[in-house]
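Commentary on secondary and tertiary structure
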Amino acid sequence: MKNRALKKLKLIYTHTAGNGTFKTELDTVFSILSPVYDISIFRANDLLEIKKFMQQLERDEYHTIVAAGGDGTINTVASAIISGKLNSVLGIIPAGTSNDFARKIGIERSFSSAAELIRDTNIKEIDIGFANDRFFINVFGIGILTNVSNYVNQHAKSALGNMAYYFKGLEKMFQKLEPMRLKVTTSNTVYEDEFLFLLALNSGAAGGFDKLVKNADISDGVFDFIGVVNKGPATIPTLFIRLMMDEHLTDERVIYFKDRNIKIESLENKRDFETNVDGERGPKLPIKVSLEHKKLKIYGV
């Protein structure tokens, strides 16, 4: 008979989590969490199943909902907590390919270490973002390289891990660059230029790069925006070198600022630009990127 004093926890994962290995660690995770929580499990085939399941939950049904997976799984669960106004704390067990958000906020890739963090109940409130009505917890992006994950299939991710993104990134980097004529309206300035990509970062990490913004804070009430303007064919390769030297934010090709709301519009009539929210396809322009301060409770370090 279960202890009625235990808080209810729902553990959610897909069959591909951890390249399919997470399910073999369920006993370990369960043994760590069961002294504190009354645990039930939902195993999904894909993110759509997770979304449909989360829509059925009542506000106070679970004290904690744990997402075991990559950035897409975490985004789906976190988004459902916010949109459903669930009174639940988000737990994260990194079991994806890149795990940008989890890694940046100090959650180790070890399944047992992540479970111990949830068990020890260090709860913090973090900022969240919206691109129009699309939720994101870590990053919104538009342009070259920001949509690489849209073209990396699950088999490649399972076989190659982060290298799948790097190989696809290199492939796209040496394709013909297609700059985007954009108008970016911030709280203080309007930029009109040829952009190669534009990022709104919460944690400061994206695409496997941890140090895009080293001092980013997920609870400071602002996003870190990085825009790269077109300076010719050498722009991206040169910028990668500057990134490795930690000099990218002062480069002449980079527009960097902090803000909580911006608007992005196309200055071209005949092109649609792909956008990306936490590794999934995002909405079309025009887009308002907005922040809600300390809106989500998570277990963190």
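Scroll up a little and you will see the structure.
Let me sum up the structure you'll find in this document. (Residues numbered from 1 in each chain as written. Predicted model: local features only at pLDDT ≥ 70, side-chain atom pairs only at ≥ 80, totals over all residues. Heavy atoms only, no water.)

Topic: helix α5 (residues 111–119)
Residues lying three or four places apart along an α-helix face the same way, a consequence of the helix completing one turn every 3.6 residues. Basically, it comes down to this: Here's how the labels work: a residue is buried when its accessible area is under 20% of the maximum for its type, exposed when over 50%, partly exposed in between, all with a 1.4 Å probe on protein chains only. The helix count covers DSSP runs of H or I at least four residues long, the strand count covers runs of E at least two residues long, and both are numbered beginning at the N terminus. Throughout, the arc means that of the directions going from the helix axis to the C-beta atoms. Any two residues having at least one pair of non-hydrogen atoms within 4.5 Å are treated as being in contact.
Where α5 is concerned, the buried positions are F111, A114, A115, L117 and I118. Seen end-on, α5 carries its buried residues on one side only, within an arc spanning 155°. In this fold, the buried residues of α5 make contact with β1 (7–14), α1 (26–33), β2 (37–44), β3 (64–69), β4 (89–94) and β15 (287–299). Where α5 terminates, the next one or two residues include T121, which has phi positive at roughly 55°.

What about the pairing of strand β10 (residues 223–229)?
The criterion, for reference: A pair of strands is treated as paired once DSSP finds two or more bridges between them.
Of all seven residues in β10, seven are buried; the element is thus mostly enclosed. The side-chain alternation of β10 yields two buried faces, one formed by F223, F225, G227 and V229 and the other by D224, I226 and V228. Here six bridges tie strand β9 (residues 190–201) to β10, and the two strands are oriented antiparallel to one another. Following the sheet pairing, L199 is matched in β10 by I226.

Description of the packing of aromatic side chains
Heads up, the rule is: By convention, a stacked pair of Phe, Tyr or Trp rings (six-membered ring in the case of Trp) has centres within 6.5 Å and planes under 30 degrees apart, an edge-to-face pair has planes over 60 apart, and any other such pair is tilted. By definition here, charges over rings are those cases where NZ of Lys or CZ of Arg is within 6 Å of the ring centre and within 35 degrees of the ring normal.
Per the counting criterion, the structure on display carries nine aromatic pairs. Both rings, one in F130 and one in F135, keep their centres 5.9 Å apart while their planes meet at 80°; by these two values the pair is edge-to-face. Each member of the pair, F130 as well as F135, carries the same accessibility label: buried. Members of the aromatic cluster, each reached through a chain of ring pairs, are F136, F140, Y191, F223, F225 and F257. Stacked on the ring of Y62, the Lys or Arg K8 has its end atom at 5.0 Å from the ring centre.

Thoughts on unusual backbone geometry
Peptide bonds are trans in most cases, and residues, glycine excluded, mostly fall at negative phi. Cis peptide bonds are those with omega within 30 degrees of zero, and the linkage from L285 to P286 qualifies with 0°. By secondary structure assignment, the location of P286 is in the loop between β14 (280–281) and β15. The backbone phi angle of K85 is positive, close to 55°, even though this residue is not glycine. Mapped onto the elements of the fold, K85 is located in the loop between α3 (71–83) and β4.

Topic: the side chain of T275
Cut-off, in case you're wondering: In protein, a polar contact means a hydrogen-donor-capable atom and an acceptor-capable atom, both N or O and within 3.5 Å, with residues adjacent in sequence counting only if both atoms are side-chain atoms; elsewhere, any N or O pair within 3.5 Å suffices.
Among the secondary structure elements, T275 is positioned in strand β13 (residues 275–277). For T275, the side chain forms a polar contact with the main-chain oxygen of P283, separated by 2.6 Å.

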